[in-house]
Amino acid sequence: MDYVKLINCMRCGMCLPTCPTYKETFLETASPRGRVALLKKMHDGDLDQSERLLEFLSLCLDCQACASACPCGVNAGELVAEFTCERKTAHGLSFLEQQILHNLVPHPDRLEHSLAPLRLYQRSGLQKLVRTLGVLKMFPKPLERMEGLLPTLPPRPLRREISEVTPAIGTERGTVGFFLGCVMSLIFSDASRATITLLSALGYRVITPRHQVCCGAPHMLSGDLAGLKDAAHHNIDIFGEYPVDFIVTDCGGCGAELKKYRHHLEDDPTAARFSAQIRDISQLLALHGEELRTKMTELPLKVTYHDPCHIAHCQGIRTEPRELLKMIPGISYRELDCADSCCGSAGTYNIAHTDMSDLILSRKLDSIRASGAELVVTSNPGCLLQLKKGLAEQLPDVRLMHLTEVLAQSLATNQ
Ligand code: SF4
Ligand code: SF4
(Lines give C-alpha, C1' and ligand atoms only; values in the text may rest on other atoms or scores of the structure.)
(Ligands and ions follow the chains in the order given, each with its own letter.)
Protein backbone atom coordinates (compact mmCIF):
# COMPACT_ATOMS: atom_id res chain seq x y z
CA MET A 1 0.00 0.00 0.00
CA ASP A 2 1.22 3.47 -0.90
CA TYR A 3 2.04 5.09 2.47
CA VAL A 4 1.76 8.61 1.02
CA LYS A 5 -1.95 8.02 0.39
CA LEU A 6 -2.38 7.25 4.10
CA ILE A 7 -0.60 10.33 5.39
CA ASN A 8 -2.39 12.72 3.00
CA CYS A 9 -5.46 12.78 5.26
CA MET A 10 -5.51 16.07 7.20
CA ARG A 11 -8.49 14.91 9.29
CA CYS A 12 -10.73 17.79 8.19
CA GLY A 13 -13.86 15.60 8.31
CA MET A 14 -15.32 16.86 5.02
CA CYS A 15 -15.86 13.26 3.97
CA LEU A 16 -17.93 12.32 7.03
CA PRO A 17 -21.40 13.51 5.89
CA THR A 18 -21.02 11.62 2.61
CA CYS A 19 -20.18 8.25 4.13
CA PRO A 20 -23.21 5.91 4.26
CA THR A 21 -21.87 3.84 7.18
CA TYR A 22 -20.97 6.94 9.21
CA LYS A 23 -24.45 8.37 8.57
CA GLU A 24 -25.94 5.21 10.09
CA THR A 25 -23.58 4.76 13.05
CA PHE A 26 -21.95 8.13 13.85
CA LEU A 27 -18.88 6.10 14.75
CA GLU A 28 -15.47 7.47 13.84
CA THR A 29 -14.28 3.92 13.21
CA ALA A 30 -17.01 3.53 10.59
CA SER A 31 -16.04 6.77 8.82
CA PRO A 32 -13.55 7.40 5.97
CA ARG A 33 -11.29 9.44 8.27
CA GLY A 34 -11.38 6.73 10.91
CA ARG A 35 -10.67 3.98 8.38
CA VAL A 36 -7.66 5.82 7.01
CA ALA A 37 -6.38 6.30 10.58
CA LEU A 38 -6.85 2.58 11.35
CA LEU A 39 -5.00 1.58 8.19
CA LYS A 40 -2.15 3.94 8.99
CA LYS A 41 -1.83 2.65 12.55
CA MET A 42 -1.75 -0.93 11.29
CA HIS A 43 0.81 0.01 8.69
CA ASP A 44 2.96 1.67 11.39
CA GLY A 45 2.68 -1.47 13.54
CA ASP A 46 0.78 0.39 16.31
CA LEU A 47 -2.35 -1.75 15.93
CA ASP A 48 -2.94 -5.48 15.48
CA GLN A 49 -5.45 -6.90 13.01
CA SER A 50 -8.17 -7.84 15.52
CA GLU A 51 -11.50 -9.32 14.41
CA ARG A 52 -13.31 -6.17 15.55
CA LEU A 53 -11.00 -3.92 13.59
CA LEU A 54 -11.38 -6.02 10.45
CA GLU A 55 -15.13 -5.91 10.94
CA PHE A 56 -15.09 -2.09 10.90
CA LEU A 57 -13.01 -2.10 7.75
CA SER A 58 -15.25 -4.68 6.10
CA LEU A 59 -18.25 -2.40 6.71
CA CYS A 60 -16.86 -0.03 4.08
CA LEU A 61 -18.89 -0.27 0.86
CA ASP A 62 -16.04 0.97 -1.35
CA CYS A 63 -18.63 3.41 -2.71
CA GLN A 64 -15.95 6.13 -2.92
CA ALA A 65 -18.34 8.94 -1.96
CA CYS A 66 -15.62 10.03 0.46
CA ALA A 67 -13.14 10.41 -2.42
CA SER A 68 -15.54 12.77 -4.24
CA ALA A 69 -15.68 14.95 -1.10
CA CYS A 70 -12.03 14.88 -0.04
CA PRO A 71 -10.03 18.05 -0.80
CA CYS A 72 -6.73 16.14 -0.44
CA GLY A 73 -7.43 13.39 -2.94
CA VAL A 74 -7.63 10.67 -0.28
CA ASN A 75 -9.74 7.70 -1.36
CA ALA A 76 -10.57 5.79 1.82
CA GLY A 77 -12.73 3.26 -0.04
CA GLU A 78 -9.95 2.39 -2.45
CA LEU A 79 -7.44 2.13 0.40
CA VAL A 80 -9.68 -0.27 2.32
CA ALA A 81 -10.28 -2.29 -0.86
CA GLU A 82 -6.52 -2.42 -1.48
CA PHE A 83 -5.94 -3.61 2.09
CA THR A 84 -8.66 -6.29 1.77
CA CYS A 85 -7.30 -7.40 -1.59
CA GLU A 86 -3.73 -7.70 -0.20
CA ARG A 87 -5.01 -9.73 2.77
CA LYS A 88 -7.02 -12.05 0.57
CA THR A 89 -4.12 -12.46 -1.85
CA ALA A 90 -1.87 -13.42 1.08
CA HIS A 91 -4.42 -15.98 2.37
CA GLY A 92 -5.13 -17.47 -1.07
CA LEU A 93 -8.49 -18.49 -2.49
CA SER A 94 -10.77 -21.00 -0.80
CA PHE A 95 -11.73 -24.13 -2.78
CA LEU A 96 -15.16 -22.66 -3.58
CA GLU A 97 -13.67 -19.32 -4.68
CA GLN A 98 -11.23 -21.15 -6.92
CA GLN A 99 -14.04 -23.09 -8.56
CA ILE A 100 -16.12 -19.96 -9.13
CA LEU A 101 -13.33 -17.63 -10.21
CA HIS A 102 -11.28 -20.06 -12.29
CA ASN A 103 -13.77 -22.58 -13.63
CA LEU A 104 -16.98 -20.59 -13.93
CA VAL A 105 -16.63 -16.80 -14.26
CA PRO A 106 -14.10 -16.74 -17.14
CA HIS A 107 -16.27 -19.12 -19.20
CA PRO A 108 -19.49 -17.44 -20.41
CA ASP A 109 -20.98 -20.77 -21.59
CA ARG A 110 -20.55 -22.40 -18.19
CA LEU A 111 -21.82 -19.29 -16.43
CA GLU A 112 -24.93 -19.33 -18.58
CA HIS A 113 -25.55 -23.07 -18.00
CA SER A 114 -25.12 -22.58 -14.26
CA LEU A 115 -28.29 -20.46 -14.20
CA ALA A 116 -30.45 -23.22 -15.73
CA PRO A 117 -31.56 -24.59 -12.32
CA LEU A 118 -32.62 -21.08 -11.24
CA ARG A 119 -34.65 -20.64 -14.41
CA LEU A 120 -36.35 -23.97 -13.72
CA TYR A 121 -36.94 -22.91 -10.09
CA GLN A 122 -38.75 -19.81 -11.33
CA ARG A 123 -40.66 -21.34 -14.22
CA SER A 124 -41.86 -24.42 -12.36
CA GLY A 125 -43.67 -22.19 -9.85
CA LEU A 126 -41.41 -23.40 -7.05
CA GLN A 127 -40.11 -19.89 -6.37
CA LYS A 128 -43.65 -18.60 -5.92
CA LEU A 129 -44.45 -21.44 -3.54
CA VAL A 130 -41.25 -20.95 -1.55
CA ARG A 131 -41.92 -17.24 -1.19
CA THR A 132 -45.58 -17.71 -0.28
CA LEU A 133 -44.78 -20.29 2.39
CA GLY A 134 -41.84 -18.26 3.74
CA VAL A 135 -39.68 -21.39 3.68
CA LEU A 136 -36.50 -19.36 3.20
CA LYS A 137 -36.80 -17.91 6.69
CA MET A 138 -35.49 -21.28 7.88
CA PHE A 139 -32.29 -20.88 5.83
CA PRO A 140 -29.20 -18.80 6.66
CA LYS A 141 -29.74 -15.07 6.12
CA PRO A 142 -27.32 -14.73 3.16
CA LEU A 143 -29.20 -17.44 1.27
CA GLU A 144 -32.55 -15.85 2.07
CA ARG A 145 -31.17 -12.52 0.87
CA MET A 146 -29.78 -13.95 -2.38
CA GLU A 147 -33.15 -15.46 -3.19
CA GLY A 148 -34.94 -12.23 -2.36
CA LEU A 149 -32.73 -10.29 -4.75
CA LEU A 150 -33.28 -12.67 -7.64
CA PRO A 151 -35.46 -11.06 -10.34
CA THR A 152 -37.22 -13.03 -13.04
CA LEU A 153 -34.55 -14.27 -15.41
CA PRO A 154 -35.00 -13.74 -19.16
CA PRO A 155 -35.60 -16.93 -21.19
CA ARG A 156 -32.13 -16.69 -22.76
CA PRO A 157 -28.96 -14.71 -22.00
CA LEU A 158 -28.58 -11.82 -24.44
CA ARG A 159 -25.13 -13.07 -25.53
CA ARG A 160 -26.84 -16.09 -27.12
CA GLU A 161 -29.50 -14.02 -28.80
CA ILE A 162 -27.72 -11.18 -30.54
CA SER A 163 -25.44 -11.41 -33.52
CA GLU A 164 -21.84 -10.35 -33.22
CA VAL A 165 -22.41 -7.45 -35.59
CA THR A 166 -25.48 -5.22 -35.47
CA PRO A 167 -25.59 -2.93 -38.52
CA ALA A 168 -26.11 0.82 -38.26
CA ILE A 169 -29.52 2.16 -39.20
CA GLY A 170 -29.18 4.73 -42.00
CA THR A 171 -25.82 6.31 -42.76
CA GLU A 172 -23.05 4.67 -40.81
CA ARG A 173 -21.12 7.16 -38.67
CA GLY A 174 -18.72 4.74 -36.99
CA THR A 175 -18.18 1.42 -35.27
CA VAL A 176 -18.36 0.75 -31.55
CA GLY A 177 -17.44 -2.33 -29.58
CA PHE A 178 -20.00 -3.31 -26.97
CA PHE A 179 -18.77 -4.76 -23.69
CA LEU A 180 -21.73 -6.87 -22.59
CA GLY A 181 -21.39 -7.40 -18.84
CA CYS A 182 -22.15 -10.89 -17.47
CA VAL A 183 -25.04 -9.77 -15.25
CA MET A 184 -26.44 -7.53 -17.97
CA SER A 185 -26.51 -10.46 -20.39
CA LEU A 186 -27.83 -12.98 -17.87
CA ILE A 187 -30.35 -10.86 -15.98
CA PHE A 188 -30.89 -7.41 -17.50
CA SER A 189 -30.88 -8.43 -21.15
CA ASP A 190 -33.68 -5.97 -22.04
CA ALA A 191 -31.48 -3.07 -20.98
CA SER A 192 -28.50 -4.17 -23.05
CA ARG A 193 -30.76 -4.90 -26.02
CA ALA A 194 -31.99 -1.31 -25.68
CA THR A 195 -28.37 -0.10 -25.63
CA ILE A 196 -27.67 -1.79 -28.96
CA THR A 197 -30.91 -0.40 -30.41
CA LEU A 198 -29.95 3.16 -29.43
CA LEU A 199 -26.43 2.89 -30.83
CA SER A 200 -27.66 1.40 -34.06
CA ALA A 201 -30.40 4.07 -34.38
CA LEU A 202 -27.68 6.72 -34.06
CA GLY A 203 -25.77 5.24 -36.99
CA TYR A 204 -23.22 3.09 -35.17
CA ARG A 205 -22.31 -0.40 -36.28
CA VAL A 206 -22.18 -2.34 -33.02
CA ILE A 207 -19.75 -5.21 -32.52
CA THR A 208 -20.35 -7.43 -29.51
CA PRO A 209 -17.46 -9.93 -29.53
CA ARG A 210 -18.86 -13.32 -28.59
CA HIS A 211 -15.69 -14.41 -26.78
CA GLN A 212 -15.33 -11.46 -24.41
CA VAL A 213 -15.25 -12.46 -20.74
CA CYS A 214 -16.11 -10.98 -17.34
CA CYS A 215 -14.34 -7.64 -16.71
CA GLY A 216 -12.47 -9.13 -13.72
CA ALA A 217 -14.21 -7.21 -10.92
CA PRO A 218 -15.11 -10.42 -9.00
CA HIS A 219 -11.43 -11.46 -9.13
CA MET A 220 -10.37 -8.08 -7.77
CA LEU A 221 -12.87 -8.36 -4.90
CA SER A 222 -11.46 -11.76 -3.99
CA GLY A 223 -7.81 -10.73 -4.21
CA ASP A 224 -7.24 -12.93 -7.27
CA LEU A 225 -4.95 -10.52 -9.11
CA ALA A 226 -3.69 -13.19 -11.52
CA GLY A 227 -7.30 -13.95 -12.53
CA LEU A 228 -7.98 -10.25 -12.96
CA LYS A 229 -4.95 -9.81 -15.23
CA ASP A 230 -5.93 -12.87 -17.29
CA ALA A 231 -9.38 -11.37 -17.83
CA ALA A 232 -7.87 -8.01 -18.78
CA HIS A 233 -5.42 -9.55 -21.29
CA HIS A 234 -8.18 -11.65 -22.82
CA ASN A 235 -10.59 -8.72 -23.29
CA ILE A 236 -7.89 -6.43 -24.66
CA ASP A 237 -6.89 -9.09 -27.22
CA ILE A 238 -10.48 -9.86 -28.22
CA PHE A 239 -11.50 -6.21 -28.73
CA GLY A 240 -8.14 -5.57 -30.43
CA GLU A 241 -9.30 -7.77 -33.30
CA TYR A 242 -11.92 -5.19 -34.30
CA PRO A 243 -11.36 -1.65 -35.58
CA VAL A 244 -13.64 0.28 -33.23
CA ASP A 245 -13.89 3.99 -32.40
CA PHE A 246 -15.02 3.38 -28.81
CA ILE A 247 -15.84 0.48 -26.53
CA VAL A 248 -19.17 1.10 -24.85
CA THR A 249 -20.68 -0.46 -21.76
CA ASP A 250 -24.01 0.03 -20.04
CA CYS A 251 -22.80 -1.52 -16.78
CA GLY A 252 -21.32 1.00 -14.32
CA GLY A 253 -19.26 -1.61 -12.48
CA CYS A 254 -17.76 -3.05 -15.69
CA GLY A 255 -16.99 0.44 -17.01
CA ALA A 256 -15.12 1.39 -13.84
CA GLU A 257 -13.08 -1.82 -13.95
CA LEU A 258 -12.32 -1.64 -17.69
CA LYS A 259 -11.06 1.93 -17.26
CA LYS A 260 -8.64 0.58 -14.62
CA TYR A 261 -6.98 -1.94 -16.92
CA ARG A 262 -4.32 0.69 -17.62
CA HIS A 263 -3.37 0.57 -13.91
CA HIS A 264 -3.68 -3.20 -13.56
CA LEU A 265 -1.34 -3.71 -16.54
CA GLU A 266 0.76 -0.58 -16.28
CA ASP A 267 3.61 -1.89 -18.43
CA ASP A 268 1.31 -2.80 -21.30
CA PRO A 269 0.62 0.07 -23.75
CA THR A 270 -2.34 -1.83 -25.26
CA ALA A 271 -4.03 -1.68 -21.85
CA ALA A 272 -3.73 2.13 -21.79
CA ARG A 273 -5.21 2.32 -25.30
CA PHE A 274 -8.02 -0.06 -24.36
CA SER A 275 -8.94 1.90 -21.22
CA ALA A 276 -8.89 5.17 -23.16
CA GLN A 277 -11.50 3.73 -25.56
CA ILE A 278 -14.01 2.85 -22.81
CA ARG A 279 -17.17 4.96 -22.60
CA ASP A 280 -20.18 4.65 -20.40
CA ILE A 281 -23.20 4.53 -22.70
CA SER A 282 -24.45 7.88 -21.32
CA GLN A 283 -21.20 9.56 -22.40
CA LEU A 284 -21.60 8.47 -26.00
CA LEU A 285 -25.35 9.10 -26.23
CA ALA A 286 -24.95 12.60 -24.75
CA LEU A 287 -22.63 13.48 -27.66
CA HIS A 288 -25.61 13.00 -29.96
CA GLY A 289 -28.23 14.52 -27.67
CA GLU A 290 -29.78 16.89 -30.22
CA GLU A 291 -30.14 14.13 -32.80
CA LEU A 292 -31.59 11.79 -30.22
CA ARG A 293 -34.09 14.43 -29.16
CA THR A 294 -35.52 14.68 -32.69
CA LYS A 295 -36.26 10.95 -32.64
CA MET A 296 -38.05 10.94 -29.28
CA THR A 297 -41.72 11.08 -28.47
CA GLU A 298 -43.54 11.94 -25.31
CA LEU A 299 -43.26 9.90 -22.12
CA PRO A 300 -45.43 11.65 -19.54
CA LEU A 301 -43.70 10.40 -16.39
CA LYS A 302 -42.31 11.76 -13.14
CA VAL A 303 -38.75 10.47 -13.19
CA THR A 304 -35.76 10.51 -10.88
CA TYR A 305 -32.19 9.23 -11.26
CA HIS A 306 -30.08 7.27 -8.78
CA ASP A 307 -26.33 7.68 -9.42
CA PRO A 308 -24.50 4.33 -9.25
CA CYS A 309 -21.29 4.79 -7.22
CA HIS A 310 -19.31 3.17 -10.03
CA ILE A 311 -20.55 5.83 -12.42
CA ALA A 312 -20.68 8.99 -10.28
CA HIS A 313 -17.76 8.49 -7.89
CA CYS A 314 -15.51 6.09 -9.79
CA GLN A 315 -15.97 7.56 -13.28
CA GLY A 316 -17.11 11.10 -12.45
CA ILE A 317 -20.17 10.89 -14.72
CA ARG A 318 -23.18 12.80 -13.35
CA THR A 319 -24.39 15.28 -15.97
CA GLU A 320 -24.90 13.05 -19.00
CA PRO A 321 -27.55 10.66 -17.63
CA ARG A 322 -29.58 13.61 -16.31
CA GLU A 323 -29.28 15.57 -19.58
CA LEU A 324 -30.50 12.53 -21.50
CA LEU A 325 -33.50 12.00 -19.26
CA LYS A 326 -34.50 15.67 -19.26
CA MET A 327 -34.37 15.57 -23.06
CA ILE A 328 -37.33 13.16 -23.28
CA PRO A 329 -40.49 15.18 -24.04
CA GLY A 330 -43.15 14.95 -21.33
CA ILE A 331 -40.77 13.88 -18.58
CA SER A 332 -41.02 15.69 -15.29
CA TYR A 333 -37.57 15.25 -13.77
CA ARG A 334 -37.21 15.20 -9.96
CA GLU A 335 -33.75 15.35 -8.42
CA LEU A 336 -33.26 12.82 -5.65
CA ASP A 337 -31.97 13.95 -2.27
CA CYS A 338 -28.46 12.45 -1.91
CA ALA A 339 -28.81 10.92 -5.39
CA ASP A 340 -25.15 9.85 -5.42
CA SER A 341 -25.27 8.13 -2.05
CA CYS A 342 -24.90 4.35 -2.25
CA CYS A 343 -28.06 2.17 -2.29
CA GLY A 344 -26.38 -0.51 -0.17
CA SER A 345 -25.79 -3.01 -2.96
CA ALA A 346 -21.99 -2.75 -3.37
CA GLY A 347 -21.16 -6.09 -4.98
CA THR A 348 -21.95 -8.78 -2.42
CA TYR A 349 -22.23 -6.30 0.48
CA ASN A 350 -26.04 -6.69 0.56
CA ILE A 351 -25.52 -10.41 1.19
CA ALA A 352 -22.58 -10.16 3.60
CA HIS A 353 -23.85 -7.17 5.63
CA THR A 354 -27.61 -7.43 5.37
CA ASP A 355 -28.45 -5.20 8.36
CA MET A 356 -26.29 -2.26 7.30
CA SER A 357 -27.31 -2.70 3.68
CA ASP A 358 -31.00 -2.55 4.69
CA LEU A 359 -30.49 0.67 6.65
CA ILE A 360 -28.76 2.29 3.68
CA LEU A 361 -31.44 1.06 1.28
CA SER A 362 -34.19 2.43 3.56
CA ARG A 363 -32.62 5.87 3.40
CA LYS A 364 -32.56 5.68 -0.40
CA LEU A 365 -36.20 4.58 -0.51
CA ASP A 366 -37.16 7.53 1.73
CA SER A 367 -35.53 9.89 -0.79
CA ILE A 368 -37.38 8.21 -3.65
CA ARG A 369 -40.68 8.50 -1.77
CA ALA A 370 -40.04 12.19 -1.07
CA SER A 371 -39.24 12.88 -4.74
CA GLY A 372 -42.73 11.80 -5.82
CA ALA A 373 -41.23 9.96 -8.81
CA GLU A 374 -43.19 7.22 -10.57
CA LEU A 375 -40.05 5.87 -12.22
CA VAL A 376 -36.51 5.47 -10.88
CA VAL A 377 -33.74 5.26 -13.44
CA THR A 378 -30.23 3.97 -12.86
CA SER A 379 -27.53 2.16 -14.84
CA ASN A 380 -25.74 -0.48 -12.87
CA PRO A 381 -26.91 -4.07 -12.36
CA GLY A 382 -26.12 -4.09 -8.62
CA CYS A 383 -28.26 -0.99 -8.06
CA LEU A 384 -31.03 -2.44 -10.22
CA LEU A 385 -31.11 -5.64 -8.11
CA GLN A 386 -31.05 -3.78 -4.82
CA LEU A 387 -33.60 -1.11 -5.74
CA LYS A 388 -35.91 -3.66 -7.36
CA LYS A 389 -36.10 -5.56 -4.10
CA GLY A 390 -36.54 -2.40 -2.00
CA LEU A 391 -39.21 -0.89 -4.24
CA ALA A 392 -41.15 -4.17 -4.43
CA GLU A 393 -41.27 -4.30 -0.63
CA GLN A 394 -41.86 -0.64 0.20
CA LEU A 395 -42.92 1.31 -2.89
CA PRO A 396 -44.63 -1.20 -5.20
CA ASP A 397 -46.15 1.52 -7.42
CA VAL A 398 -42.76 2.97 -8.36
CA ARG A 399 -41.17 1.46 -11.47
CA LEU A 400 -37.46 0.92 -12.07
CA MET A 401 -35.61 0.99 -15.39
CA HIS A 402 -32.13 1.16 -16.79
CA LEU A 403 -31.34 4.48 -18.51
CA THR A 404 -31.16 2.91 -21.96
CA GLU A 405 -34.55 1.21 -21.53
CA VAL A 406 -36.29 4.55 -20.94
CA LEU A 407 -34.49 6.20 -23.84
CA ALA A 408 -35.23 3.28 -26.18
CA GLN A 409 -38.87 3.30 -25.08
CA SER A 410 -39.13 6.94 -26.07
CA LEU A 411 -37.68 6.04 -29.48
CA ALA A 412 -39.86 2.97 -29.90
CA THR A 413 -43.08 4.93 -29.42
CA ASN A 414 -41.87 7.05 -32.32
CA GLN A 415 -41.52 4.13 -34.73
S1 SF4 B 1 -10.16 11.59 4.05
FE2 SF4 B 1 -10.03 13.64 3.09
S3 SF4 B 1 -11.99 14.63 3.60
FE4 SF4 B 1 -11.75 12.87 4.99
S5 SF4 B 1 -10.78 13.72 6.81
FE6 SF4 B 1 -9.11 12.97 5.51
S7 SF4 B 1 -8.51 14.75 4.28
FE8 SF4 B 1 -10.50 15.25 5.17
S1 SF4 C 1 -15.94 4.17 0.43
FE2 SF4 C 1 -18.03 4.71 1.09
S3 SF4 C 1 -18.39 3.45 2.90
FE4 SF4 C 1 -16.17 3.40 2.55
S5 SF4 C 1 -15.34 5.06 3.79
FE6 SF4 C 1 -15.73 5.94 1.77
S7 SF4 C 1 -17.82 6.80 1.86
FE8 SF4 C 1 -17.55 5.41 3.64
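Residues numbered from 1 in each chain as written. Chains lettered and ligands numbered in written order. Predicted model: local features only at pLDDT ≥ 70, side-chain atom pairs only at ≥ 80, totals over all residues. Heavy atoms only, no water.

Novice: How would you summarise a nonpolar patch on the surface if you had to cite specific residues and measurements?
Specialist: A contiguous nonpolar surface patch, about 420 Å² in accessible area, is contributed by Met-138, Phe-139, Leu-143 and Met-146. Of note, Met-146 is situated in helix 11 (residues 141–149). For Met-146, a relative accessible area of 42% corresponds to the partly exposed category. (Patch = residues over 30% accessible without salt bridge, like charges linked within 9 Å, V, L, I, M, F, W, Y side chains within 5 Å. Areas by Shrake-Rupley, 256 points an atom, 1.4 Å probe, with all protein chains shown as cover. Salt bridge = Lys/Arg side-chain N within 4 Å of Asp/Glu carboxyl O. Helix = DSSP H or I, 4+ residues; strand = E, 2+ residues; numbered from the N terminus. Buried < 20%, exposed > 50% of the residue type's maximum accessible area, 1.4 Å probe, protein only.)

Novice: Now, about unusual backbone geometry: what can you tell me, with residues and values included?
Specialist: Backbone geometry at Arg-11 places phi at a positive 65°, although glycine is not the residue there. You can see Arg-11 is positioned in the loop between helix 1 (3–7) and helix 2 (20–25). Unusually for a residue other than glycine, Gln-64 sits at a positive phi of about 70°. The topology assignment puts Gln-64 in the loop between helix 4 (51–58) and helix 5 (65–69).

Novice: Could you give me a rundown of the sheet that holds strand 1 (residues 165–166), with the residues and numbers involved?
Specialist: An order of 1-3-2-4-5 is seen for the 5 strands of this open sheet, with the pairing classed as mixed. Each end of this open sheet is capped by a strand with a single partner; those strands are strand 1 and strand 5 (278–280). With 4 bridges joining them, strand 2 (residues 174–179) and strand 3 (residues 204–207) adopt parallel strand pairing. Its bridge partner being in strand 3, Thr-175 is matched across the sheet by Arg-205. The strands touched by helix 14 (residues 189–201) are strand 1, strand 2, strand 3 and strand 4 (246–249); relative to strand 3, the strand with the most contacts, the crossing angle is about 145°. (Pairing = 2+ DSSP bridges. Contact = heavy atoms within 4.5 Å. Axes fitted to C-alpha atoms, helices over the stretch in contact; angles between N-to-C directions.)

Novice: Describe the site of ligand 1, naming the residues involved and giving the relevant values.
Specialist: What surrounds ligand 1 is the set Cys-9, Met-10, Arg-11, Cys-12, Gly-13, Met-14, Cys-15, Arg-33, Cys-70, Pro-71, Cys-72 and Val-74. Residues that form the shell around ligand 1 fall into these classes: 9 nonpolar, 1 polar and 2 charged. (Near = heavy atom within 4 Å. Nonpolar A, V, L, I, M, F, W, Y, C, P; charged D, E, K, R; others polar.)

Novice: Break down the site of ligand 2 for me, citing the residues and quoting the values.
Specialist: Contacts to ligand 2 come from Cys-19, Pro-20, Pro-32, Arg-35, Cys-60, Leu-61, Asp-62, Cys-63, Gln-64, Cys-66 and Gly-77. In terms of residue class, the shell around ligand 2 is made up of 7 nonpolar, 2 polar and 2 charged.

Novice: Lay out the nonpolar core with the relevant residues and their values.
Specialist: Membership of the largest hydrophobic core comes to 79 residues, with the highest contact counts inside it found for Leu-325 and Ile-368. For this core, the domains that each give at least three residues are domain 3 (158–284) and domain 4 (289–412). With residues up to four places along the chain from it excluded, the contact list for Ile-368 reads Leu-336, Ala-373, Val-376, Leu-387, Leu-391, Leu-395 and Val-398. Residues Cys-19, Leu-38, Leu-53 and Val-74 belong to the second largest nonpolar core, which totals 19 residues. (Core = buried A, V, L, I, M, F, W, Y, C linked by side-chain atoms within 4.5 Å. Domains from an automatic or database assignment.)

Novice: Hey, could you go over the pattern of salt bridges for me, with residue numbers and the actual values?
Specialist: Where side chains of opposite charge bring their charged atoms close, a pairing between them can arise. Under the definition given, this model contains 20 salt bridges. As a salt-bridge pair, Lys-260 and Glu-257 come within 4.0 Å of each other at their nearest N and O atoms. Since its relative accessible area comes to 28%, Lys-260 is described here as partly exposed. When salt bridges with common partners are traced through the structure, they connect Asp-109, Glu-112, Arg-159 and Arg-160 into a single cluster.

Novice: Go over the packing of aromatic side chains, please, and point to the residues and values.
Specialist: Counting across every chain of the model gives 4 aromatic pairs. In textbook terms, an aromatic cluster arises when at least three aromatic residues are bridged by ring pairs, as seen for Phe-179, Phe-239, Tyr-261 and Phe-274. (Phe/Tyr/Trp six-rings, centres within 6.5 Å; stacked < 30°, edge-to-face > 60°.)

Novice: Which residues make up the pairing of strand 6 (residues 302–305), and what values go with them?
Specialist: Where strand 6 lies against strand 7 (residues 332–333), 2 bridges are found, and the strand directions are parallel. Across the sheet, residue Lys-302 finds its bridge partner in strand 7, namely Ser-332. Here 3 bridges tie strand 6 to strand 8 (residues 375–378), and the two strands are oriented parallel to one another. Counterpart to Tyr-305 in the pairing with strand 8 is Val-377.

Novice: Just give me the short version of the state of the cysteines, but keep the residues and values in it.
Specialist: Evaluated as defined, the whole model comprises 0 disulfides. Between Cys-314, a cysteine without a disulfide, and Cys-309, which holds the nearest cysteine sulfur, the sulfur-to-sulfur distance is 7.1 Å. (Disulfide = S-S within 2.5 Å.)

Novice: Report on the pairing of strand 9 (residues 399–402), specifying residues and quantitative values.
Specialist: Two strands pair when backbone bridges link them, and strand 8 and strand 9 are joined in this way by 4 bridges, in the parallel orientation. Residue pairing in the sheet places Thr-378 in a bridge with His-402 of strand 9.

Novice: Requested: an account of the packing of helix 14 against helix 27 (residues 403–412), with residues and values cited.
Specialist: Across the interface, helix 14 lies against helix 27 with an axial gap of 8 Å and an inter-helix angle of 55°. Compared by their axis directions, helix 14 and helix 27 come out oblique. The element helix 14 and its partner helix 27 pack so that their crossing is left-handed. Taken together, the residues of helix 27 that come into contact with helix 14 (itself represented by Asp-190, Ala-191, Ala-194, Thr-195, Leu-198 and Ala-201) are Thr-404, Glu-405, Leu-407, Ala-408 and Leu-411. Split by residue class, the contact of helix 14 with helix 27 holds 7 nonpolar, 2 polar and 2 charged. (Parallel < 35°, antiparallel > 145°, perpendicular 65-115°, else oblique. Left-handed = near helix turned anticlockwise from the far one by under 90°.)

Novice: Summarise the domain arrangement of the protein chain; cite the residues concerned and give the values.
Specialist: In terms of domain boundaries, the protein chain breaks down into domain 1 (3–91), domain 2 (98–149), domain 3 (158–284) and domain 4 (289–412). The distance between the C-alpha centroids of domain 3 and domain 4 comes to 22 Å. Note on domain 3 versus domain 4: buried area summed over both sides is about 1900 Å², and carbon and sulfur give 74% of it. It is Phe-188, Leu-198 and Ser-282 that lose the most area in domain 3 upon contact with domain 4, and together they represent 28% of the buried surface on that side. Across the contact surface, domain 3 and domain 4 share 1 salt bridge. We note a salt bridge from Arg-173 to Glu-291, for which the minimum N-O separation is 2.8 Å. Between domain 3 and domain 4 we count 9 residue pairs in polar contact (both at pLDDT 80 or more) in total. For the side of domain 3 that touches domain 4, the secondary-structure elements that each account for two or more residues are helix 13 (182–186), helix 14, helix 17 (252–259) and helix 20 (281–287). (Buried area = accessible area lost by both parts, 1.4 Å probe. Polar contact = N/O pair within 3.5 Å; in protein donor to acceptor, adjacent residues only side chain to side chain.)

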